[in-house]
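# Close look at the chain arrangement
Residues per chain are reported as follows:
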Amino acid sequence: HMLSSHSFNALLKTLEEPPPHVKFLLATTDPQKLLPTVLSRCLQFNLKRISGTEIADHLADVLTKESISFESPALKLIAGAADGSMRDALSLLDQGIAFGGGSVIEESIRSMLGSIEQHKIIAVLDALANNDATALMACVEDVAQHLGDFEKLLAEILTTLQKIAVVQVAPDTMSDDLEDSAATRALAARISPEDIQLYYQIALIGRRDLPLSPEPRGGLEMVLLRMLAFRPARKAAPSRVESDKVKVVSQINPVVSAPVQAEKKIEKPPVKETPGANDAWELLVEKLQLKGVLKQLAMNCACQSREGGRWVLTLEQSNHQLFSVERQKRLNNLLCDALGSEVTLTINISGEQVESPAAAVMREKKSRQAEAIAEIEADPNIQAIKDVFDATVHQDSIRPVD
C-alpha cells in the first residue's frame, strides 16, 4: 500500500520492534519520499517495464485459455497503450472484450483507445517525402473526420519517425512482422536521416506548443507545413545528376569517352590500379553525396585495387562497426548508377592503417591546426601579452579560419 507522511513514525517503530504476527510489509511508495531511517531498514525491489511483445503474448495466452476469440493486431494495440504495465493491459483487455461484444477485434480496440490507423501516419510521411502540401492537408482532413485528436496524431508521427531513424542506422533490429514494417522500411530508404531528425524535432516542439494554438487543427497544420518549409533544398535536379555522372566517368576512366579510343586501348590487358584507383575512389565519394552511416563507411574505406568493373576496398579493423552486408550492397548499387555500368564491390577489413578519404581529411585538419597554432605563437602582439602578463596560450582554443 501507499504510505502517508503521517505514518512514517509509526512505520519506523514497527520496523524496529515488529510484532510477532507481522511477516512482511509491502509498500509501493516512491523511495525518494521515504525517510532515510525507514529506507535503511527496508529492501528495495526496482520493477522494470514489461515489453510490448511479452504483454501481447501473455494476453494471447489468457484469451486462449478463456476461449475468447481475438486478433493479434488488437493485442499489440493494448500492449502499446499499457505502456509496460501488465495490470493496465489486463484492465484494458477486460474493457476491450466488453467493447467488442465478447471478442477482441482490432477495429473495436482501435476505436476504444482512440488510436489512429498506421496507414494514415504513413500517408502523412509519404506526403512529406514527396513535398506535397496538398496531399498533406488531405491527410489532416481525413484524421479530422474520423478522430479529431491532433495531439494523438503528432504522438503517432513521432513514434513512426523514431522507428524510421532506427531502421536507417540498424535495419536488422526491426521485425518484419510489425504493422506496416514494409512501408516503414520504404520511407527509411526515401527520406534522408537529416530530414527524419528535423521532422522529429519539429513534431516534438509542435506537440508541446499545440495547446497554445488558437485552434488544434490549425496548430497541427502549421507543424506539418513547418516541416516542408524548413526541409533542406536538394542540390541536384535529374538533369544535373546525369551530367555529374558523366563527369565522374570521364575523370575516372576517360578511355570510354569515345568508341575509337576504346578500340585503341583494347590491345593492352587490364592492369590493377592502386594509387590511381584510390584517387578515383576519393573523387567518387565526393560526387556520390552520401549521407549518414553509408557516407562514414565510404569515407573510411581506401581503394585497394580496381580491375575493370571490380573494385576492392579496405576498411580498418577499428571501424568494422560501420560495415554490414546491406550497406555494401547499397554502396555497390550507388556506384553502378554513378558509373553507368555494372560494378562488383568488395570490402575487406584489415588490421593495418589505410589511406582513406577520412584519413586524408583528418591529416589536412591537423595540418591546418598546426599552422594556426604556429601563426598565433609567432604573432608579436601575442608575444607581448605573454611577456607582460605572464600569460599562456591554450592551444585547444585555437581554431583555423575556414
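Report follows, based on the coordinates.

## Comments concerning the overall build of the protein chain
- On a plain count of helices and strands, the protein chain comes out with 19 helices and three strands.
- Relative to its 402 residues, the protein chain shows a buried fraction of 33%.
- Within the protein chain, contacts between residues separated by at least 24 positions form 69% of all contacts whose residues are at least 6 apart in sequence.
- If you sum the accessible surface of the protein chain, you get close to 25,300 Å²; carbon and sulfur atoms cover 54% of it.

## A closer look at the sheet that holds strand β1 (residues 301–307)
- Read from one edge to the other, the open sheet built from three strands follows the order β1-β2-β3, with strand pairing classed as mixed. The open sheet has two edge strands with one neighbour each: β1 and β3 (344–350). Here the average twist between neighbouring strands, direction ignored, is 25 degrees.

## What to know about helix α18 (residues 357–378)
- The terminal C-alpha atoms of α18 lie 32 Å apart, and with 22 residues this matches the ideal 32 Å at 1.5 Å per residue to within 8%.
- Along α18, the positions that sit buried rather than exposed are Pro-357, Ala-358, Ala-360, Ala-372 and Ile-373.

## A closer look at the pattern of salt bridges
- For the coordinates displayed, the defined rule picks out 13 salt bridges.
- A salt bridge links Arg-110 to Glu-106, with the nearest nitrogen and oxygen atoms 2.9 Å apart. With Arg-110 and Glu-106 both in helix α6 (residues 106–113), this residue pair falls four residues apart, about one helical turn.
- Given a relative accessible area of 21%, Glu-106 falls into the partly exposed group.
- Salt bridges sharing partners connect three or more residues here, namely Glu-141, Arg-217 and Glu-221.

## Side note on α6
- Taken as a whole, α6 has its buried residues at Ser-108, Ile-109 and Arg-110.
- Of the surrounding elements, those touching the buried residues of α6 are α4 (72–82), α5 (86–99) and α7 (118–129).
- Of the residues one or two after α6, Gly-114 is the one with positive phi, at around 70 degrees.

## Examining the packing of aromatic side chains
- Applying the stated criterion across every chain, the model contains one aromatic pair.
- Consider the rings of Trp-281 and Trp-311, whose centres lie 6.2 Å apart with planes at 55 degrees: the pair is tilted. Taken together, the residues Trp-281 in helix α15 (residues 275–288) and Trp-311 in strand β2 (residues 310–316) connect sequence positions 30 residues apart. Each member of the pair, Trp-281 together with Trp-311, is buried.

## Section: the packing of α7 against helix α8 (residues 133–146)
- For the pair α7 and α8, interaxial distance at closest approach is 8 Å and the crossing angle is 160 degrees. As judged from the angle between their axes, α7 and α8 are roughly antiparallel. Judged by the twist between their axes, the crossing of α7 over α8 is left-handed. Here Lys-120, Ala-123, Val-124, Ala-127 and Leu-128 of α7 come into contact with α8, specifically with Ala-135, Leu-136, Cys-139, Asp-142 and His-146.

## Focus: the nonpolar core
- Counting 35 residues, the largest nonpolar core has Ile-157, Leu-224 and Met-227 as the members making the most contacts within it.
- Listed by contribution, the elements that provide at least two residues to this core are α7, α8, α9 (150–169), α10 (181–190), α11 (193–209) and α12 (216–229).
- Looking at which element gives the most residues to this core, the answer is α9, with nine residues.
- Residue contacts for Ile-157: discarding those within four places in its chain leaves Ile-121, Val-124, Leu-125 and Leu-224.
- Core analysis: the next-biggest nonpolar cluster, separate from the first, contains 25 residues, Trp-281, Leu-288, Leu-313 and Cys-336 among them.

## What to know about the packing of α9 against α12
- Packing of α9 against α12 leaves a shortest axis separation of 9 Å and a crossing angle of 25 degrees. By the angle class used here, α9 and α12 are roughly parallel. Where α9 abuts α12, its residues Phe-150, Leu-153, Leu-154 and Ile-157 lie against Pro-216, Arg-217, Leu-220, Val-223 and Leu-224.
- The class makeup of the residues in the contact of α9 with α12 is eight nonpolar, no polar and one charged.

## So, the pairing of β2
- The element β2 is extensively covered by neighbouring structure, given that six of its seven residues are classed as buried.
- Of the pairings in the sheet, the one linking β1 to β2 comprises six bridges and is antiparallel in character. Residue Glu-307 lies in a different strand from β2, and its bridge partner there is Arg-310.
- Count of turn residues in the β1/β2 antiparallel hairpin: two residues, of which Gly-308 carries a positive phi of about 65 degrees.
- The pairing of β2 with β3 spans seven bridges and is parallel. Within the sheet, the bridge partner assigned to Thr-314 lies in β3 and is Asn-348.
- The β-α-β motif built from β2, the intervening helix α17 (residues 325–339) and the parallel element β3 has right-handed crossover chirality.

What counts, and where the lines are drawn
- Residues numbered from 1 in each chain as written.
- Predicted model: local features only at pLDDT ≥ 70, side-chain atom pairs only at ≥ 80, totals over all residues.
- Heavy atoms only, no water.
- Helix = DSSP H or I, 4+ residues; strand = E, 2+ residues; numbered from the N terminus.
- Buried < 20%, exposed > 50% of the residue type's maximum accessible area, 1.4 Å probe, protein only.
- Contact = heavy atoms within 4.5 Å.
- Areas by Shrake-Rupley, 256 points an atom, 1.4 Å probe, with all protein chains shown as cover.
- Pairing = 2+ DSSP bridges.
- Axes fitted to C-alpha atoms, helices over the stretch in contact; angles between N-to-C directions.
- Expected span 1.5 Å × (residues − 1).
- Salt bridge = Lys/Arg side-chain N within 4 Å of Asp/Glu carboxyl O.
- Phe/Tyr/Trp six-rings, centres within 6.5 Å; stacked < 30°, edge-to-face > 60°.
- Parallel < 35°, antiparallel > 145°, perpendicular 65-115°, else oblique.
- Left-handed = near helix turned anticlockwise from the far one by under 90°.
- Core = buried A, V, L, I, M, F, W, Y, C linked by side-chain atoms within 4.5 Å.
- Nonpolar A, V, L, I, M, F, W, Y, C, P; charged D, E, K, R; others polar.
- Right-handed = clockwise from strand over helix to strand, strands pointing away.

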